[in-house]
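Now for the letters of each chain:
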Amino acid sequence: MATEKKSDGNSSENAMWGGRFASGPDAIMEEINASIDFDQKFYAQDIAGSRAHAAMLHEQGILSSADHAAIDAGLSTISLEIESGEFKFSRALEDIHMNIESRLAELIGPAAGRLHTARSRNDQVALDFRMWVRDQTDAAQVALRAFIKVLLAKAEAHADTVMPGFTHLQSAQPVTFGHHCLAYVEMMARDLSRFEDARERMNECPLGAAALAGTSFNIDRHATAKALGFREPTRNSLDSVADRDFALEFLSAASICATHLTRLAEEIVIWSTPQFGFVQLSDKFSTGSSIMPQKKNPDAAELVRGKGGRINGALIGLLTVMKGLPMTYSKDMQEDKEGVFDAADTLELCLSAMTGMVDDMTINAENMEAAAGSGFATATDLADWLVREVGIPFREAHHVTGRAVAMAESKGCELAELDLVDLQQLHEGITEAVFDVLTVQASVASRVSFGGTAPANVRSQVAAWRKRLD
Ligand code: ARG
């Protein structure tokens, strides 16, 4: 969509409010004031809003049938012109609202001037932006569902695959890779519900609040709300034009989601190093080095990790724009859009990239399992076994186990490789049966508490999530 970059400065007065103005704006004024370069993005919402408004005005006897028909036809022509790229956007006409209204006047003449009855750009922009953000919350939900499905497939395929579970990025206890994937399913599902909640709250229609106080015309706000897919009209005209919390909620849901993505991205970066060797990214989601032929870099994961910063930045940016603004509309609020546009595109890109990357990623189960078995990862299992089978208090079991770890360390072996007689020196109650819990498979299989990592739990959680998502 091409925008005519500059008008000729102050040579002509503005057609929309020319009555009070003797000259047009300075070129710099036009530069700082115009939003058309970016708000043309919601032309479709603007036109849909205008059509619903015109239909309502006609229904209420405020607009004649002839004028309504001309306005409606003119708006659909404009829609086609914009879609085909032939529409000429002008900075002199500031924003999408006035660009469209001015073109409507060219197309149908003075009747165009009746469209703005009982409406202001303040409720118009609040409406357009809200509808655009509402569409984005829907798109985010679709993308999240697709990602969750891929995570569930990986979880199911790797319900039994053992990997080290980490705290402080130090091996802590063995877990299943399926369980690890399901941790992200939980996060993504909460993100999904945050978008659902935000959508529910934003789904009230501000159209008809007019400039800030409502209107003296007998409009039907319930009709326009319904026509535009809103649950109901907003209840307070001042609030309707003054707040952008719907965009803030979108951005905060997007930021939390993006932050979750950065954590998985970081893990993929770590897992795909030759040192870890837990996963291999497909060629489709990695890049080579121009100088080091052996390298395969996880650029997509790194970019998701990086782009999280951009989305968080958009949230902080809009919070800062809105902070301290007096009721109701101030032009500061024109700065609400670009960050949200960028964050929405970025989130969608990050979700698609992660979906593709995880879907295509190869899991090196042997490497994961070998790593899971190293570093005395089953020490807690030994302590638990002493409590359960020998009947000693956990504190004492912890102490005995600590000595077993020290013994294994000095012998340069793993816990499962210690001799029974050596273990019995630490506590006479230890029997051959202890070796059943010292393997990583036995360890994970025993974690059957609700929410635990056992393969059986992973399978039932995958099934439960699939059911919930349908
Ligand atoms: N372009 C403006 C914006 O994005 C539209 C609303 C203008 N309203 C006004 N009173 N100047 O915020």
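Residues numbered from 1 in each chain as written. Predicted model: local features only at pLDDT ≥ 70, side-chain atom pairs only at ≥ 80, totals over all residues. Heavy atoms only, no water.

1. Some thoughts on helix α10 (residues 245-271)
Part 1 of the reasoning: The terminal C-alpha atoms of α10, which comprises 27 residues, lie 38 Å apart, in line with the 39 Å expected from a rise of 1.5 Å per residue.
Part 2 of the reasoning: With 20 of 27 residues buried, α10 lies mostly within the body of the structure. (Helix = DSSP H or I, 4+ residues; strand = E, 2+ residues; numbered from the N terminus. Expected span 1.5 Å × (residues − 1). Buried < 20%, exposed > 50% of the residue type's maximum accessible area, 1.4 Å probe, protein only.)

2. Focus on the pairing of strand β3 (residues 162-167)
Part 1 of the reasoning: The pairing of β3 with strand β4 (residues 170-176) spans six bridges and is classified as antiparallel. Paired with Thr167 across the bridge in β4 is Gln170.
Part 2 of the reasoning: Hairpin connection of β3 to β4: two residues between the antiparallel strands, including His168 at a positive phi of 55°. (Pairing = 2+ DSSP bridges.)

3. Quick look at the site of the ligand
Part 1 of the reasoning: Every residue near the ligand is listed here: Ser35, Asp39, Asp95, His97, Arg121, Asn122, Val125, Tyr329, Gln334 and Lys337.
Part 2 of the reasoning: One of the side-chain nitrogen or oxygen atoms of Ser35 is found 3.2 Å away from a nitrogen atom of the ligand.
Part 3 of the reasoning: Between the ligand and Asn122, the relevant distance is 2.8 Å, taken from a nitrogen atom to a side-chain nitrogen or oxygen of the residue.
Part 4 of the reasoning: Relative to its unbound accessible surface of 350 Å², the ligand loses 87% to contact with the protein.
Part 5 of the reasoning: The dominant element in the shell around the ligand, judged by the number of residues it contributes, is helix α6 (residues 121-157), at three residues.
Part 6 of the reasoning: Grouping the amino acids of the shell around the ligand by side-chain chemistry returns two nonpolar, four polar and four charged. (Near = heavy atom within 4 Å. Polar contact = N/O pair within 3.5 Å; in protein donor to acceptor, adjacent residues only side chain to side chain. Areas by Shrake-Rupley, 256 points an atom, 1.4 Å probe, with all protein chains shown as cover. Nonpolar A, V, L, I, M, F, W, Y, C, P; charged D, E, K, R; others polar.)

4. Brief notes about a nonpolar patch on the surface
Part 1 of the reasoning: On the surface, a nonpolar cluster with roughly 280 Å² of combined accessible area is contributed by Leu212, Leu238 and Met327.
Part 2 of the reasoning: One can find Met327 in the loop between α11 (299-322) and α12 (337-360).
Part 3 of the reasoning: For Met327, a relative accessible area of 62% translates into the label exposed. (Patch = residues over 30% accessible without salt bridge, like charges linked within 9 Å, V, L, I, M, F, W, Y side chains within 5 Å. Salt bridge = Lys/Arg side-chain N within 4 Å of Asp/Glu carboxyl O.)

5. Focus on the packing of aromatic side chains
Part 1 of the reasoning: For the structure shown, the criterion picks out ten aromatic pairs.
Part 2 of the reasoning: Ring plane angle 45° and centroid distance 6.1 Å describe the contact between Phe42 and Phe129, whose orientation is recorded as tilted. Here Phe129 lies in helix α6 and Phe42 lies in the loop between α2 (36-39) and α3 (43-59), a separation of 87 residues in the sequence.
Part 3 of the reasoning: We classify Phe42 as buried; its relative accessible area is 0%. (Phe/Tyr/Trp six-rings, centres within 6.5 Å; stacked < 30°, edge-to-face > 60°.)

6. Quick look at the pattern of salt bridges
Part 1 of the reasoning: Enumeration according to the criterion identifies 30 salt bridges in this entry.
Part 2 of the reasoning: Here Glu81 makes a salt bridge to Arg103, at a shortest N to O gap of 2.7 Å. Within this pair, whereas Glu81 is found in helix α4 (residues 65-84), its partner Arg103 is found in helix α5 (residues 96-108), the two being separated by 22 residues in sequence.
Part 3 of the reasoning: Using a relative accessible area of 10% as the deciding quantity, one classes Glu81 as buried.
Part 4 of the reasoning: By relative accessible area, Arg103 is classed as partly exposed at 22%.
Part 5 of the reasoning: Across the salt bridge formed by Asp191 and Arg194, the nearest N and O atoms sit 3.1 Å from each other. Residue Asp191 and its partner Arg194 are located together in helix α7 (residues 177-202), separated by three residues, close to a single helical turn.
Part 6 of the reasoning: Here the salt bridges do not stand alone but share partners, grouping Glu200, Glu204, Arg231, Glu232 and Arg235 into one network.

7. Overview of the confidence of the model for the chain
Part 1 of the reasoning: Per-residue pLDDT for the chain has a mean of 94; in total, 96% of the residues score no lower than 70.
Part 2 of the reasoning: For residues 5-11, every residue scores under 50 in pLDDT, and the model assigns this stretch twelve contacts once sequence neighbours within four places are set aside. (pLDDT = per-residue confidence, 0-100. Contact = heavy atoms within 4.5 Å.)

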